[in-house]
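Inside the fold
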Amino acid sequence: QVILVESGGGVVQTGGSLRLSCAASGRTFSIAAWAWFRQAPGKERDFVAAINDSGRTYYADSVKGRFTISRDNAKNTVYLQMNSLKPEDTAVYHCAASLSGPARVPGRYDYWGQGTQVTVSS
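Residues numbered from 1 in each chain as written. Predicted model: local features only at pLDDT ≥ 70, side-chain atom pairs only at ≥ 80, totals over all residues. Heavy atoms only, no water.

Let's talk about the side chain of T28
With respect to the element layout, T28 can be found in the loop between β3 (18-26) and β4 (33-39). The buried category is assigned to T28, whose relative accessible area is 14%. (Helix = DSSP H or I, 4+ residues; strand = E, 2+ residues; numbered from the N terminus. Buried < 20%, exposed > 50% of the residue type's maximum accessible area, 1.4 Å probe, protein only.)

Given below as structure tokens:
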């Protein structure tokens, strides 16, 4: 079992920055990839970024060049640095962990956090 707890969401103006954190506990040694997804009201849960156990990163086209995923193995924490935020980035951001490796679809992830709200005002 792996437990994920996100933090760092909030309200920010267009062009601003936020850093999300995902603290993991439990059998984290079994995790092959970590990811961030987001879900806006009435929409599907969309892939944002992922990082595998070798440190390779993957990004959605909509956030490439603005967002950076990273991890601190000593702290069992994954981060999402979000810069140049836009109103369309507004969503609940969820951290996820996969036993099988990185993927861009939610169904490939085994553990999920409860989410943290990010609101970008225009």
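After presenting the structure, the write-up continues.
Concerning the side chain of R66
Tracing the sequence through the fold places R66 in the loop between β6 (57-59) and β7 (67-72). Within polar-contact distance, the side chain of R66 engages the backbone oxygen of S62 at 2.9 Å. Here R66 is in contact with Q81, M82, N83, S84, L85, K86 and D89, once residues within four sequence places are set aside. (Polar contact = N/O pair within 3.5 Å; in protein donor to acceptor, adjacent residues only side chain to side chain. Contact = heavy atoms within 4.5 Å.)

So, the state of the cysteines
Using the criterion set out here, one finds one disulfide in the structure. Covalently, C22 is tied to C95 through a disulfide, its sulfur atoms 2.1 Å apart. Between C22 and C95, the S-S torsion sits near -80°, and that sign places the bridge as left-handed. One end of the pair, C22, is in strand β3; the other, C95, is in strand β9 (residues 91-98), and 73 residues separate them in sequence. Classification of C95 by relative accessible area gives buried; the value is 0%. (Disulfide = S-S within 2.5 Å.)

Thoughts on the pattern of salt bridges
Counted by the stated rule, this structure contains three salt bridges. Linked by salt bridges that have partners in common, R38, R66 and D89 make up one network. (Salt bridge = Lys/Arg side-chain N within 4 Å of Asp/Glu carboxyl O.)

Details of the packing of aromatic side chains
All told, the structure shown has four aromatic pairs when counted by the stated rule. Centre to centre, the rings of F37 and F47 are 5.7 Å apart; their planes meet at 75°, and the pair counts as edge-to-face. Taken together, the positions of F37 in strand β4 and F47 in strand β5 (residues 45-52) put the pair 10 residues apart, joining distant regions of the chain. Among the residues examined, F47 registers a relative accessible area of 10% and is labelled buried. Their ring planes at 75° and their centres at 5.3 Å tell us that F37 and Y109 sit as a pair that is edge-to-face. (Phe/Tyr/Trp six-rings, centres within 6.5 Å; stacked < 30°, edge-to-face > 60°.)

Topic: the sheet that holds strand β1 (residues 2-7)
In any sheet, the strands associate via hydrogen bonds between backbone groups, in a parallel or an antiparallel arrangement. Spatial strand order, β1-β3-β8-β7: four strands in an open sheet with antiparallel pairing. In the strand order of this sheet, the two ends are held by β1 and β7, each with one partner. Averaged over neighbouring strand pairs, the angle between their axes works out to 15° when direction is ignored. Where β7 lies against strand β8 (residues 77-82), six bridges are found, and the strand directions are antiparallel. Paired with F67 across the two strands is M82, which belongs to β8. (Pairing = 2+ DSSP bridges. Axes fitted to C-alpha atoms, helices over the stretch in contact; angles between N-to-C directions.)

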